[in-house]
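# A structural walkthrough
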Protein chains: 2
Amino acid sequence: MNQLQQLSDRIISRVNANLMELEFDTSTFVNHALDHDKMLEFYAFYGITSRHPLYFNFKNSNIAGSYFLGKCYVGRSAIYKSDVRGDELKREGDCIKSAKDIPLVEDEMISILDSLLYKTLVHSNSHNPESPELFSIRNTISAHYANIHGSTLEGCFLGPFATVDLMNLHSCVVGEFSYVQVGELFHRKIDPGTVWIKNPHFEFKYKFKNSILDNFVGVTDTHQPRGVIYDFVRARDQEFERLFEVMHLEPFEVPGSSAINRYAVIKGKTRIGENVLVAQRALLQNATMGDGSNAQENSYIIDSVLEGNCITAHGGKIIHADVGQECFVGFNSFLNGGPDARIQIGEGCIIMPHTIINPSMPIQIPSEHLVWGYIQSPEDLATHTISLDALAEVRESLTVGQMTFSGKGSVFIGSFKDRLKKILKDNGALFKDGENRGHAQDDQNISYNIIQPYRTGERKGLYPSIRIKP
Amino acid sequence: MNQLQQLSDRIISRVNANLMELEFDTSTFVNHALDHDKMLEFYAFYGITSRHPLYFNFKNSNIAGSYFLGKCYVGRSAIYKSDVRGDELKREGDCIKSAKDIPLVEDEMISILDSLLYKTLVHSNSHNPESPELFSIRNTISAHYANIHGSTLEGCFLGPFATVDLMNLHSCVVGEFSYVQVGELFHRKIDPGTVWIKNPHFEFKYKFKNSILDNFVGVTDTHQPRGVIYDFVRARDQEFERLFEVMHLEPFEVPGSSAINRYAVIKGKTRIGENVLVAQRALLQNATMGDGSNAQENSYIIDSVLEGNCITAHGGKIIHADVGQECFVGFNSFLNGGPDARIQIGEGCIIMPHTIINPSMPIQIPSEHLVWGYIQSPEDLATHTISLDALAEVRESLTVGQMTFSGKGSVFIGSFKDRLKKILKDNGALFKDGENRGHAQDDQNISYNIIQPYRTGERKGLYPSIRIKP
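Residues numbered from 1 in each chain as written. Chains lettered and ligands numbered in written order. Predicted model: local features only at pLDDT ≥ 70, side-chain atom pairs only at ≥ 80, totals over all residues. Heavy atoms only, no water.

### Brief notes about the packing of aromatic side chains
Where we set the bar: Geometry of aromatic contacts follows a simple scheme: Phe, Tyr and Trp rings, the Trp one being its six-membered ring, pair when their centres are within 6.5 Å, and the pair is stacked under 30 degrees between planes, edge-to-face over 60, tilted otherwise. Numbering of helices and strands runs from the N terminus; a helix is a DSSP stretch of H or I covering at least four residues, while a strand is a stretch of E covering at least two. Buried means the residue's accessible area, taken with a 1.4 Å probe over protein chains only, is under 20% of the maximum for its type, while exposed means over 50%, and partly exposed covers the values in between. Only when the NZ of Lys or the CZ of Arg is both within 6 Å of the ring centre and within 35 degrees of the ring normal is a charge said to sit over the ring.
For the structure shown, the criterion picks out 66 aromatic pairs over all chains. With a centroid separation of 6.4 Å and 85 degrees between ring planes, the pair formed by F29 of chain A and Y118 of chain A is classed as edge-to-face. Of the two residues, F29 of chain A is situated in helix 2 (residues 27–33) and Y118 of chain A in strand 8 (residues 116–118); the sequence distance between them amounts to 89 residues. Judged by relative accessible area, which is 8%, Y118 of chain A ranks as buried. Between F204 of chain B and F412 of chain B, the ring centres sit 6.1 Å apart and the planes meet at 5 degrees, which makes this aromatic pair stacked. Taken as a pair, F204 of chain B in strand 22 (residues 202–207) and F412 of chain B in helix 9 (residues 409–426) lie far apart in primary sequence, 208 residues in all. With respect to class, F204 of chain B is no different from F412 of chain B; both count as buried. Above the face of the Y263 of chain A ring, R262 of chain A is positioned so that its terminal group lies 4.2 Å from the ring centre.

### Some remarks on the pairing of strand 44 (residues 397–400) of chain B
Within a regular strand, the side chains alternate between the two sheet faces. Residue and element names in this part refer to chain B. The line we're drawing: DSSP-based pairing: two strands are paired if at least 2 bridges between them are found.
Across the two faces of strand 44 the burial differs, with L398 and V400 buried and S397 and T399 not buried at all. For strand 44 and strand 45 (residues 403–407), the ladder comprises 4 bridges, and the chain directions are antiparallel. Directly across from V400, in strand 45, lies its bridge partner M403. The antiparallel pairing of strand 44 with strand 45 creates a hairpin that spans 2 residues between the two strands, and G401 there sits at a positive phi of about 55 degrees.

### Digging into the interface of chain A and chain B
Keep this limit in mind: Note on contacts: a residue pair is in contact if any heavy atoms of the two residues lie within 4.5 Å. Buried surface area refers to the total accessible area, computed with a probe of radius 1.4 Å, that the two partners give up upon joining, counted for both partners together. In the sections that follow, a salt bridge refers to a side-chain nitrogen of Lys or Arg positioned within 4 Å of a carboxyl oxygen of Asp or Glu. Here a polar contact is recorded for every N or O atom pair within 3.5 Å, except that within protein the pair must consist of a potential hydrogen donor and a potential acceptor, and residues adjacent in sequence are included only if both atoms are side-chain atoms. Charged residues are taken to be Asp, Glu, Lys and Arg, nonpolar residues to be Ala, Val, Leu, Ile, Met, Phe, Trp, Tyr, Cys and Pro, and polar residues to be all remaining types, Gly included.
With 32 residues of chain A at the contact, the number on the chain B side is 32 residues. Both sides together, the interface formed by chain A and chain B hides about 2800 Å², and carbon and sulfur atoms give 52% of it. The interface formed by chain A and chain B includes 0 salt bridges. At the boundary of chain A with chain B, the tally comes to 18 residue pairs in polar contact (both at pLDDT 80 or more). Looking at the side of chain A that touches chain B, the elements that each hand over two or more residues are strand 1 (44–48), helix 6 (237–245), strand 46 (447–451) and strand 47 (465–469) of chain A. Residues that form the side of chain A that touches chain B fall into these classes: 16 nonpolar, 10 polar and 6 charged. Direction of pairing for strand 47 of chain A relative to strand 47 (residues 465–469) of chain B: antiparallel, over a ladder of 5 bridges.

Just geometry here; none of it tells us what the structure is for.
Right, dumping it as structure tokens:
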């Protein structure tokens, strides 16, 4: 049996052992997702900069098409066309509140062991107070366009377009298009299309109807993604291929305070302001990025205008939309406007992660609103948005349409706004006069190194063991 | 002071310390050769195959534009656009006659320490019986298109287009366009344009006239190359650039037993036979490569036909020539025929390393001849060639034109022919029915990995420390 088959079999059996209780078998997904020929064909790459601590160690793995930045260890894993972006890893000496303010004894590192990540994004840093120096993903399989954001995982399966955010999961299955940010979970199966935020102070929950989910993000018998959002992404796959075919690209002209990743696609009449970050595998077409706005991995901004300090989280898609100042468009959101169905979003709105707006006529969302779920007409706004002022009044609980909220609305909004401020700061949106550097400034001047697997012989399909230090 | 300047200053002072006795200062050469901007710009690359033991370790160095294959350690060195090709390194268990037939305890490794190699070729393996497991280059500077072939060096300077072959040098200066294969040398200065082979059984010596040298391979005040041969090479530099700009090239179609390196230029009506090796940085244009022929690094074969089993050694240039079966065209030879001045070389000829043929009319060299020096007309053949049969008769000494030979001609020819057989075998020219694999077969399917330096910050210009194992 070849090395790639052995590798994926070993991962399947380890993850299955963790998910036995949930009676979940990952082999169907893995065996249908992996194309061993492609795992031989694509190169992997990692970034060298003077702004991020450097340590890469790849062993007994296939990392075809994947990108790495920051300190990272990969062992006995298959990481296919994924982005492992460690530019928010904590540094030696940093103090973590949740870890009793004890300073970190060394730079944090991402560690991926016995896992299979398929077109997955890994970003941020460990929010696990037990392992502040280790952002660990073990015995885990994640599917297409899943986001592993600041979450340590052990023995989990994440379905396509699922997001786990700032939490720890042990032996869990997260269904497709589910977003969870609930602290810690053990041995749980999260239904597809669940948007769930929970902490000691509040809880937000919404679940997509099966019919909607089936249309937008379904899975086949073999757990492969299907539906409108997957088709949208797949239709644009080819745009990225050119970036991988050439060594040097003429950089797109941007202000010196902004960074356009060399593996981003920029098309049409696109304008980039100051302090803008466009991450790898983002696609901008006829897009205006106002000062301090950003487009994270796997985001698409097409025929749209983002005013200043807008955040497009990983996997966010914004089409035919005008987005006001300081809006947040959450993970994997799909704002699918059209030429005759433009989406206008007022200032300071929070588009919750995994929101779908799919209008057949123009639609306006007023300023300072929270937006969630599935919206296809102006009528849906009543049951899928709430003004932040109204939400701030909530002291115990609230139900709007299918959404339930409990806890203090003001705390929810406050913590959300704090996080957005932090995101803007981390991304370099607030850079001025040399102060407040962030990714837009630090993720410029990346040298990309390329590594390839053995193409023949005993170790065919595996990458050589590589260790890189300053 | 920046890291690159520090690095080259350190190398200069170490090499100068070795060459103090010869009153040779390398700083002029180094400071005029190195362009720090280019050392930041170019990527380095190394090959991964299942046919060669894998170990790369690059530390505190700049290796811009260089290529590595086989086991190699590079420390505190600048290796610029060089080829370090370890596909002939000895393996664990190999027995070396000169080292009392004691089997090697480990795979041989190339080690380059405190050295600066500029557009240099490093190939073959250590012929130093004291260090059979280490092909070592220390405290050494080599200039444009120098060949370090199976030679261990310590404290040396090699001028442009110089070749050191199967020997050991300590604290030596080898002048431009000199070829030396004389066992071992200490504290010697070799005049430019010297072609010198010496062993216990025979000695061959030829020295180019200064006027010829000045025209073909001179150096400027700052030890940079100038002259016809350098101009020839420089005029074709651009042809190679395209190869470095794209990730994937459609491979040139060749028989399955032949290898065309992905970093070779193939142009015009070029035909490749069976068991052919075309190494990186070779250029073929309207070239016919007969079965078993090869073109090594920095060789150019233009408007020429090579019959079967011809060897074009590193840096050999063959233009408008017809080369018969089993000919050897030595290192850095310049066979500069023209449309009306075609060079015909009969079967079994040995064109000595560093031979220049620059005719203004057609010229024929009969079969089984040894050819050396500078030839520009048929009249020159009398003083620059000898039939192998006539040479075989020599028992004590012979002078032909400026060439002097002493020793037994038959031994000289015998050892030369043995070496050519070995070269053909090593290169895979004799591959048949799965037997006698060589470079033409083993150097196929190379995965090229790309590494780049820090482009900003404290370590700007240096490459990160990289260690690669299977």
